[in-house]
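# Working through the structure, step by step
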Amino acid sequence: MLKRPAWERQNWLLLPAALIFICAFAAPLLYFLVISFWSVRARIMRPDLTLKNYIATWTDYYDAMASTLLIALVIGLLTTILAFGFAYALRFKCGRFEAPLLFLALITLFGGYLVKIYAWKSILGREGILNQFLLWAGIIDEPLDALLYSVNGVIITLTYFLLPFAVLPIYGNMRAIAPAGIEAARDLGAGQWAVLRDIVIPQCEKGIFIAFTFAFLITAGDYVTPRFVGGGAAMMGHFIELQFSLGFNWPMGSAMAFTVMAISLALVVLLRGLFRRRILR
Amino acid sequence: MTRALAILEEMGWRAFALLLAIFMGAPLVLVVLFSFNKSALTSLPLTGFTLDWYRKLFSLGAFWPALWNSLIVAALVAVLSVAVGTMAALLLARVAPRRAEALIAVVSVPMMLPALVIGVAMMSCFVRLIDLPLGLPTVILGHLVIAQPFVILIVFSRLVTFDWAVVDSARDLGASPLRAFLTVTLPIIRPTIIGAGLIALSISLDDFVITFFTIGAGNTLPTLVWGMVRTSLDPTINAIATLLILLSVGSTFLALRVSRYHG
C-alpha cells in the first residue's frame, strides 16, 4: 500500500472505539483482576493483597478444572476438525454448491445462543427426536439416557454452537489458496495428504489457530450449556457463575476466572507450538 | 479407475459438507416447526397446525417489555457500533498494515473471551467501583464491546481493497475531508456498512450472558427465554425462540445479501 498523505491519518478517528474498549472492557477487566486479590469477611468484599483465592481455586476446584480443560480440548479439536473439513469440502470439492452451503452455515451464526441450547435439550431428551429416530431406524432398542444431562450433551451442543464461528476464519484463509496450485501439486504426484500438509494446512494455520482458540476459550468459560444439557458435568463456568449469583464471593469468582483463562491460554499456545513442530515441521 | 475414485472422493466430500450443513440448520428448523405444532410435546410426528403458543406468548405480561427492550438496545448498538467501528476502520485502513493488524488483534480480544468473564467484570466494576446504576445503558455498553470488533473487521476488510484515488480526486478538487467522506467514500462502502450494522444488530439481539449481568432489573428476549426454560418446558418457548431466530437470522440473512450483491 502506498503511504497516504498526512492529512488522512487522523488519529482521533480511533478515539470512540478506544474509549469503549478501555472504559467498558479493559478497565473493568483490570478492576476484576485487582479484586481477585481481595478478601471477603461477613459477605463484604475488602481490599487486600492475598493469594488465598488462587490457592482455594487450586485446592477446591482442581477436579472441575481438569474436566473443564479436557472437555474444552475435546470440543476445540472436534470443532476445528469439522470446521476445517467443511471449509475444505466447500472450497475445493463442492463446485457451484459452495455459495449456498456457506450461506447456510453463516445464517446460523447468530441464531440465538439460548435458542440453540434449548433446541438440543429437546432433541437429545429421552423422548427427543434423536432417540425417536434411532429407535425407528432400529439402531437401538431402548432410548438412550446418556445423551442429555451428560458430557455428551455438552459436547454435542457446544460443537454445534461453535461450528459456524470456526468455519469462518478457516474458510477465509482457504479462499486465498488458488485451486491451480493444488492441481499442479497433484499433477506432480503429490498425494491427498501431502497436498493437505504442504499446501492447505500451512496457509490456513492462522485460521485454524483462531478457530481452536475461540472454541477452547468459549467452552472453558461457558456455564449455560452445562447447566441446561450437562446435568452432572460440573464445569468451571458453572462454579464461577455461582460465586456471583449465590455465593457473593466475587474475589473467589474472579480468581477462578483468571486461573481458567490463564491455563487455557497457556495450553492453546503450547498446542500451537506442538502443531507447528509436528505437522508443519 | 483413478477417475472413478476421484469422483467417488468428491461425492464423499460433498456428502460430508451436506451432512454438516443439515446439522447446522436442522435444530433451528425443528424449533420453528414445533412452535406451530398442536401437541405440547416436542416429539414427532407433528400433530397439526396451531397458533395457540403465539397467542399465549403475546398475552404474557412480560413479553412486550422484553421485546421492546431488545429492540431498543439492538437498534442503538447497531447505529453506535457502526459509527464508532467505521471511524476506526477508516483510520486503520490508512496506517501501516502491521500496525493495523496489531490494533485489530487488541480490539478483537472481547470476541475471544467467554461472555461470562466480560459480564461479571463489567458488573463488578460498575456496581462497586463507579457506582453506575445497571440498566439498558450498561447493557448497550456491554454489547458495544463485543459488536464493535465485528464492525471494524468487516469495514476494514472492505477498505483494504478500496481505491483511494477517488477520494484523492475529490480532495484535489477542494472537498473537505468530511465532504469527501460523505459524497465519495460513504456511498461506495454503504452496503458493507449496512451489512456490518445488521451483524451488530443480531449480535445484540442474541446476547444473553452479558445482558444478564448488566441489566439489573428488567428483561430482554433472551433473559426472558432463560427464565422460561428454567421454570417450564412449555411450547411457548418455541414461539419466543422462533421470534428470536426470525429477528437475528433475518438480519444476518439481510446482511449477507446486502454485502454479497453490492460490496
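### Some points on the overall build of chain A
- What chain A contains, in helices and strands, is 11 helices and two strands.
- For chain A, the succession of helices and strands along the chain, N to C, is α-β-β-α-α-α-α-α-α-α-α-α-α.
- Projecting the C-alpha coordinates of chain A onto the three principal axes gives extents of approximately 75 × 75 × 35 Å.
- A buried classification covers 43% of the 281 residues belonging to chain A.
- Look at the contacts in chain A between residues 6 or more apart in sequence, and 73% of them connect residues 24 or more apart.

### Here we look at the overall build of chain B
- Along its length, chain B carries 12 helices and zero strands.
- The order of helices and strands in chain B, counted from the N terminus, is α-α-α-α-α-α-α-α-α-α-α-α.
- Along the longest, intermediate and shortest principal axes, the C-alpha atoms of chain B span 75 × 70 × 30 Å.
- Looking at chain B residue by residue over its 263 residues, the buried ones come to 47%.
- Taking the intrachain contacts of chain B between residues at least 6 apart in sequence as the baseline, contacts between residues at least 24 apart amount to 78%.

### Thoughts on unusual backbone geometry
All names here are of chain B.
- In this structure, D131 takes a positive phi of about 55° despite not being glycine.
- Locating D131 in the fold gives a position in the loop between α6 (115–129) and α7 (136–159).
- Take D131: there are 7 C-beta atoms within 10 Å of it, and that puts it in the exposed class.

### Re the packing of helix α4 (residues 113–124) of chain A against helix α1 (residues 2–35) of chain B
- Between α4(A) and α1(B), whose axes approach to 9 Å, the crossing angle comes to 80°. With respect to α1(B), the axis of α4(A) lies roughly perpendicular. Of the residues in α1(B), those in contact with V115(A), K116(A), A119(A), W120(A) and I123(A) of α4(A) are P27(B), L28(B), L30(B) and V31(B).
- Of the residues contributing to the contact of α4(A) with α1(B), the split by class is eight nonpolar, no polar and one charged.

### Observations concerning the nonpolar core
- Counting residues in each nonpolar core, the largest one holds 164 residues, and the members touching the most others are A83(A), I170(A), V155(B), A200(B), V225(B) and I240(B).
- Here this core takes 16 residues from helix α3 (residues 63–92) of chain B, the largest share from any one element.
- Residues within four places of V155(B) in sequence aside, it is in contact with G85(B), T86(B), A89(B), I189(B), T192(B), I193(B) and A196(B).

### Describing the interface of chain B and chain A
- Contact residues are listed per partner, giving 67 residues for chain B and 74 residues for chain A.
- For the side of chain B that touches chain A, a count of residues per class yields 53 nonpolar, 10 polar and four charged.

### Side note on α3(B)
- Over its 30 residues, α3(B) extends 42 Å from the first C-alpha to the last, a length consistent with the 44 Å expected when each residue adds 1.5 Å.
- Counting buried positions along α3(B) gives 21 out of 30 residues, so the element sits mostly inside the fold.

### A word on the environment of R126(A)
- The residue R126(A) is located in the loop between α4 and α5 (129–136) in this model.
- Linking R126(A) and A146(A), residues 20 residues apart in sequence, is a C-alpha distance of 8.8 Å.

### Some details on the environment of M65(A)
All names here are of chain A.
- You can see M65 is positioned in helix α2 (residues 52–93).
- Residue classification places M65 among the buried positions, given that 20 C-beta atoms sit within 10 Å.
- Separated by 194 residues in sequence, M65 and T259 place their C-alpha atoms 9.2 Å apart.
- Setting aside residues no more than four positions away along its own chain, M65 makes contact with M236 and V260.

### Describing the environment of G218(B)
- Of note, G218(B) is situated in the loop between α10 (209–214) and α11 (221–231).
- When near neighbours in sequence (up to four residues on either side) are disregarded, G218(B) contacts P65(B) and N69(B).

### A look at the confidence of the model for chain B
- Predicted confidence across chain B gives a mean pLDDT of 87, with 96% of residues reaching 70 or more.
- We note a pTM of 0.89 for the whole complex and an ipTM of 0.88 for its interfaces.

Here is what the cut-offs are and how they apply
- Every chain begins its residue count from 1, and numbering advances along the sequence as written.
- Chain letters start at A and ligand numbers start at 1, both assigned in the order the entries are written.
- Thresholds applied to this predicted model are a pLDDT of at least 70 for local features of residues and 80 or more for the giving and counting of side-chain atom pairs; totals over whole chains, interfaces and linings are not thresholded and use all residues.
- Put simply, DSSP marks the helices as runs of H or I at least four residues long and the strands as runs of E at least two long, and each gets a number from the N terminus on.
- Exposure in this text rests on C-beta crowding, where 20 or more other C-beta atoms within 10 Å of a residue's own make it buried, 12 or fewer make it exposed, and counts in between make it partly exposed. The C-beta atoms are placed from the backbone.
- Throughout, a pair of residues is in contact if the C-beta atoms placed from their backbones lie within 7 Å.
- An axis is simply a line fitted to the C-alpha atoms; with a helix, the fit covers only the stretch in contact. Between two such axes, the angle follows the N-to-C directions and lies from 0 to 180 degrees.
- Between 65 and 115 degrees an angle is taken as roughly perpendicular, under 35 as roughly parallel, over 145 as roughly antiparallel, and anywhere else as oblique.
- Basically, the charged four are Asp, Glu, Lys and Arg, the nonpolar ten are Ala, Val, Leu, Ile, Met, Phe, Trp, Tyr, Cys and Pro, and anything else, Gly included, counts as polar.
- As used here, a nonpolar core is made of buried Ala, Val, Leu, Ile, Met, Phe, Trp, Tyr and Cys residues. They are joined through C-beta atoms within 7 Å.
- One less than the number of residues in a helix, times 1.5 Å, gives the span that helix is expected to have.
- Residue-level confidence of the predictor is summarised by pLDDT, bounded by 0 at the bottom and 100 at the top.

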